[in-house]
Amino acid sequence: MFRILHTRQLSDAVFEMGVEAPTIARKVRAGQFLMLRVGAGGERIPLTFSDWSAEEGWVRFIFMRVGKTTHALSHMAPGDSLADLVGPLGNPTHAGGLGRVAVVGGGVGAAVAYPVARAMVEAGDDVTAILGARNAGLLVLEDEFRAMGVKLEVVTDDGSAGRKALVTAPLKELCEAGAIDHAFAVGPAIMMRFCADTTAEFGVPTTVSLNPIMVDGTGMCGSCRVTVGGKTRFGCVDGPDFDGHAVDFAELMSRQRIYAEEERVSAAAYEEECTCRPKE
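Let us look at the structure shown here. (Residues numbered from 1 in each chain as written. Predicted model: local features only at pLDDT ≥ 70, side-chain atom pairs only at ≥ 80, totals over all residues. Heavy atoms only, no water.)

**Some details on the sheet that holds strand β4 (residues 45-53)**
1) Next: Sheet architecture is open: 7 strands sit in the order β6-β1-β2-β5-β4-β3-β7, paired in antiparallel fashion. In this open sheet, the two strands that pair with only one neighbour each are β6 (81-82) and β7 (84-89).
2) Next: Across 7 bridges, the pairing between strand β2 (residues 14-20) and strand β5 (residues 58-64) is antiparallel. Opposite Glu20, over in β5, you have Trp58 as the bridge partner.
3) Next: Helix α3 (residues 110-122) contacts β4 and β5 of the sheet and is inclined by roughly 40 degrees relative to β4. (Pairing = 2+ DSSP bridges. Helix = DSSP H or I, 4+ residues; strand = E, 2+ residues; numbered from the N terminus. Contact = heavy atoms within 4.5 Å. Axes fitted to C-alpha atoms, helices over the stretch in contact; angles between N-to-C directions.)

**Points about the environment of Asp157**
1) Next: In this structure, Asp157 sits in the loop between β10 (151-156) and β11 (163-164).
2) Next: Assessed through its relative accessible area of 39%, Asp157 is described here as partly exposed.
3) Next: In this structure the C-alpha to C-alpha distance between Asp157 and Val167, which are 10 residues apart in sequence, comes to 9.1 Å.
4) Next: If near-sequence neighbours (up to four positions away) are discounted, Asp157 is found in contact with Ala133, Arg134, Lys164, Ala165 and Leu166. (Buried < 20%, exposed > 50% of the residue type's maximum accessible area, 1.4 Å probe, protein only.)

**Description of the sheet that holds strand β8 (residues 100-106)**
1) Next: Spatially, 7 strands are ordered β11-β10-β9-β8-β12-β13-β16 in an open sheet, and the strand pairing comes out mixed. In the strand order of this sheet, the two ends are held by β11 and β16 (241-243), each with one partner.
2) Next: Pairing geometry for β8 and strand β12 (residues 182-186), over 5 bridges, is parallel. Across the sheet, residue Ala102 finds its bridge partner in β12, namely Ala183.
3) Next: Where helix α5 (residues 168-176) meets the sheet, its contacts fall on β8, β9 (126-133), β10, β11 and β12, and the angle it forms with β9 comes to roughly 155 degrees.

**Comments concerning the pairing of strand β14 (residues 225-228)**
Side chains on a regular strand alternate between the two faces of the sheet.
1) Next: For β14 and strand β15 (residues 231-234), the ladder comprises 4 bridges, and the chain directions are antiparallel. Residue pairing across strands places Thr227 opposite Thr232, the latter belonging to β15.
2) Next: Linking β14 to β15, which pair antiparallel, is a turn of 2 residues; within it Gly229 sits at a positive phi near 60 degrees.

**A closer look at α3**
1) Next: The terminal C-alpha atoms of α3, which comprises 13 residues, lie 18 Å apart, in line with the 18 Å expected from a rise of 1.5 Å per residue.
2) Next: Residues of α3 that are buried: Ala110, Ala111, Val112, Ala113, Tyr114, Pro115, Val116, Ala117 and Met120.
3) Next: With its phi angle positive at about 100 degrees, Gly124 sits one or two positions after the end of α3. (Expected span 1.5 Å × (residues − 1).)

**Some remarks on the pattern of salt bridges**
1) Next: Tallied over the full model, the rule gives 11 salt bridges.
2) Next: Note that Glu144 and Arg8 form a salt bridge whose closest N and O atoms lie 3.6 Å from each other. You can see Glu144 sitting in helix α4 (residues 142-148) and its partner Arg8 sitting in strand β1 (residues 2-9), a full 136 residues away along the chain.
3) Next: Residue classification places Glu144 among the partly exposed residues on the basis of a relative accessible area of 26%.
4) Next: Overall, Arg8 belongs to the partly exposed group, its relative accessible area being 34%.
5) Next: Residue Asp84 is joined to Arg37 by a salt bridge in which the shortest nitrogen-to-oxygen separation is 2.4 Å. (Salt bridge = Lys/Arg side-chain N within 4 Å of Asp/Glu carboxyl O.)

Read these as spatial facts, not as claims about activity.
Structural data, given as structure tokens:
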């Protein structure tokens, strides 16, 4: 069992959780992920580390409430325990020797972008961060990015925070100015696709951190397979980082929608049965 140390609601549907996990905290590196189960018999879901402390023995992750498991997770509190927490899984994001890097985080993707940007800064790369969301209420970790001291551009679809634009607007401007040598993007698949399309025009190498459906996270089930450069790769053991210019995003987005209806029905049934908060 893994004891919950900290919870924080970042917006209506986005939450942060810190969990006691000293063995994992000693090994994790930026870009890696964990698999968790809320309780015995529950589904396993992948979440990427947003922060950790090897000295204090904790890890943190950020999640959006979209299905049954994340609904259940959002109702847990400090002192509660998770049944399983496995990690770190996947390959760390490469940092160092990249030069001038644009790190783009869309929505909860900022939770992944934050430790990646930090690792790149520590490795000597010159980072410009671009944070984007539909509105101000969905922006996460803006203060943490500012505290890091990197150049930061904030954009929202409706202009309620930062500049009214998509993340591809400042990314294209950086490309046009010849101001970046590499780009890293993480967020919704459609956002990563357009980031890759933007940088491809200027020949800027681009890494994307993919979020395909996963079941075991160790390469055994094949659920997370993606096509990269015409070859089948597994997001869990070959990734999650891949060459954004070689990813088949149309296939990725199609596979991400396979269980959308089942997820909706399951989440609705959980909300109906849940007694952890008053019915509206």
